[in-house]
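# Structure assessment
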Amino acid sequence: MRNPLAESLQRRLRDGVSAAGRLGAAAAKISLHHEERTTCGFESGRLKDTGGRESLSFGIEVLVGKRKATTSGNRLDQLDTMIEYAVSLAKTGSVAHFDAYPPAGDVTAVKTHSPRTLSLTREQMIETCQQIVDAIKAYDSDLWIHAGAERVESESLLVTSGGVCHTGARTRWRLGAFVQRTEGTDMVLTGYDRSWCDLNEFFAPDAIAERIVDDLRWGQTITDAGVGKCKAYLPPETLAMFCHVLQMGVNGRSVAKGESPLAGRVGQRVLDASVTLVDDPHQDYASGAAEIDGDGIPTRRFTVFDKGVLRGFCYDLDSAALAGAEPTGHRGCRPYNVTVAPGDRASEQLMADIGDGIYIRHLIGFGQGNLINGDFSCNVGLGYRVRDGRIVGRVKNTMVAGNVYDVFGDGVQLSSDLNHEGRFPHAVVDGMSVSRAER
């Protein structure tokens, strides 16, 4: 970074933790995040803006008695004042279920910082976005096209009263586009983007443009979706949405509070035997890669579902104490980098075996269902009818509904090919309920 701070501020944050102790805190931690971001954006197919931004923020958490409080800021000259505020607030703060931050443990080194990503210039990002725009315009020059790219470099520092002093550095790029086609009263919206920490072959403007053009081409013809239960084809990005519900179910705090339907089901088969879901925070250069959690606990590879059998829950320090369990190193009780093990057949073969079904590309309002119980009911933003193994047209005014644990409980097929990050395969599920949306 032009102006790295984490290494030079270690003593400053250590002194802050000590100051919190002198003010009456039984335990304290201070985290720092410093980031530099370079961006460019196209709108209506033309370069609209380029920019750069530098930001710094810190967070403080203290325990006083059995209560805790947090404060935050972005001015280092106010750090001492915010520590005083935190200690004062903690006297009437929320209940803490732990009484100390753990000592430093053995940390697995994970690659998250790439000099190759730093070599990506603003001019290269603009040129690459222009490539995407030109490729999509070559298919249809009347489209509204938004494209964008960014390069981010960040550093972090965590100091705790348990003795943890951990620094980290990360790079990341993002590249993608969003398209709208309007013909009379008919509108098609689609997009695709990619992100990674290392600048490698994933940075592929042709692949992004091709994916979007495929959506537009498949959606040129409109057809009826049919109603009732049918097979549904889920590309990796849609499968990831459904996996998010599974992640909510293994949230240790929700389990401890009795909100998760998975409470008490460790060791039981919950999903189809084809589904093995692993949280792998040690995948080099993955966007979710992490060495420690927010309390200084080392992360680890964690199998959540093994051939459909639930193996455990994700706990941070506080939720583990609440549940009487051991912390698993998951900040916020959420997995970092979920991966789904692949199947043994190519996605083209899975598609070819669908006699009549629906291909779900985008969903609208998915997060508005009772997802903690697995229930969903939402509109298909972009989807296609599949007959005899082929996409025959785009469906409109269509809804899908069901329960994730029922849909993925049996009859799940997963592809051998994965998305660019190697995290999610394509999936075919049985029993997706399809209905016509009210207009």
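For the structure, see preceding data.
So, here is what we can say about the structure in this document.

Rules of the game
- Residues numbered from 1 in each chain as written.
- Predicted model: local features only at pLDDT ≥ 70, side-chain atom pairs only at ≥ 80, totals over all residues.
- Heavy atoms only, no water.
- Helix = DSSP H or I, 4+ residues; strand = E, 2+ residues; numbered from the N terminus.
- Expected span 1.5 Å × (residues − 1).
- Contact = heavy atoms within 4.5 Å.
- 1 Å grid on protein atoms, 1.4 Å probe; cavity = no way out; pocket = protein on both sides within 12 Å on 5 of 7 lines; lining within 4 Å.
- Points joined across faces, edges and corners; volume = space filled by probe spheres on them.
- Nonpolar A, V, L, I, M, F, W, Y, C, P; charged D, E, K, R; others polar.
- Salt bridge = Lys/Arg side-chain N within 4 Å of Asp/Glu carboxyl O.
- Buried < 20%, exposed > 50% of the residue type's maximum accessible area, 1.4 Å probe, protein only.
- Axes fitted to C-alpha atoms, helices over the stretch in contact; angles between N-to-C directions.
- Parallel < 35°, antiparallel > 145°, perpendicular 65-115°, else oblique.
- Left-handed = near helix turned anticlockwise from the far one by under 90°.
- Pairing = 2+ DSSP bridges.

For helix α5 (residues 205–218), with 14 residues, the first-to-last C-alpha span of 20 Å sits near the 20 Å given by 1.5 Å per residue. Against α4 (122–139), β6 (165–183), β7 (186–196), α6 (236–249), β14 (356–364) and β15 (375–387) lie the buried residues of α5.

This next bit is on helix α1 (residues 10–22). An ideal rise of 1.5 Å per residue puts 18 Å on 13 residues; α1 measures up with 19 Å between its terminal C-alpha atoms. Looking at the buried residues of α1, the elements they touch are β1 (27–43), β2 (46–64), α2 (79–90), β5 (144–160) and β6. Positive backbone phi, at 120°, marks G24, one or two positions downstream of α1.

This part covers empty space enclosed by the protein. Take a probe with the size of a water molecule and roll it over the atoms, and the empty space left behind shows itself. Taken as a whole and assessed by the stated rule, the structure comprises one cavity of 30 Å³ or more. Here the largest cavity defines a volume of roughly 40 Å³. In terms of lining residues, the largest cavity is bounded by L239, C243, L246, L271, V275, L277, V340, F408 and L414. In terms of residue count, the dominant contributor to the lining of the largest cavity is α6 (three residues). Each residue belonging to the lining of the largest cavity can be placed in one class, and the counts come to nine nonpolar, no polar and no charged.

Further remarks concern the pattern of salt bridges. A full pass over the atoms with the stated rule returns 25 salt bridges. The shortest N-O distance in the salt bridge between R253 and D316 comes to 3.8 Å. Pair noted here: R253 is in helix α7 (residues 252–256) and D316 is in the loop between β12 (309–310) and α8 (317–323), with a separation of 63 residues, a long-range link. Owing to a relative accessible area of 26%, R253 belongs among the partly exposed residues under this scheme. Taken together, the shared-partner salt bridges in this structure form one network comprising E35, R37, E150, R172 and R174.

For the pair α4 and α5, the least separation of the axes is 9 Å and the interaxial angle reads 25°. As summarised for this structure, α4 and α5 are arranged roughly parallel, according to the angle between their axes. Between α4 and α5 the crossing geometry is right-handed. The residues of α5 that touch α4, namely those facing T128, Q131, I132, A135, I136 and Y139, are P205, D206, I208, A209, I212, V213, L216 and R217.

Right, let's talk about the sheet that holds β6 for a bit. Taking strand neighbours across the sheet as the criterion, the seven strands line up as β4-β3-β2-β1-β5-β6-β7 in an open arrangement whose pairing is antiparallel. Both outer strands of the open sheet, β4 (94–95) and β7, are each paired with one neighbouring strand and no more. Note that β6 and β7 share eleven bridges and pair antiparallel. Across the sheet, W173 pairs through a bridge with W196, a residue of β7. In the packing of α2 onto the sheet, the strands contacted are β1, β2 and β3 (67–73), and the crossing angle to β2 comes to about 50°. Against the sheet, α4 engages β1, β2, β5 and β6, with an angle of about 50° to β1.

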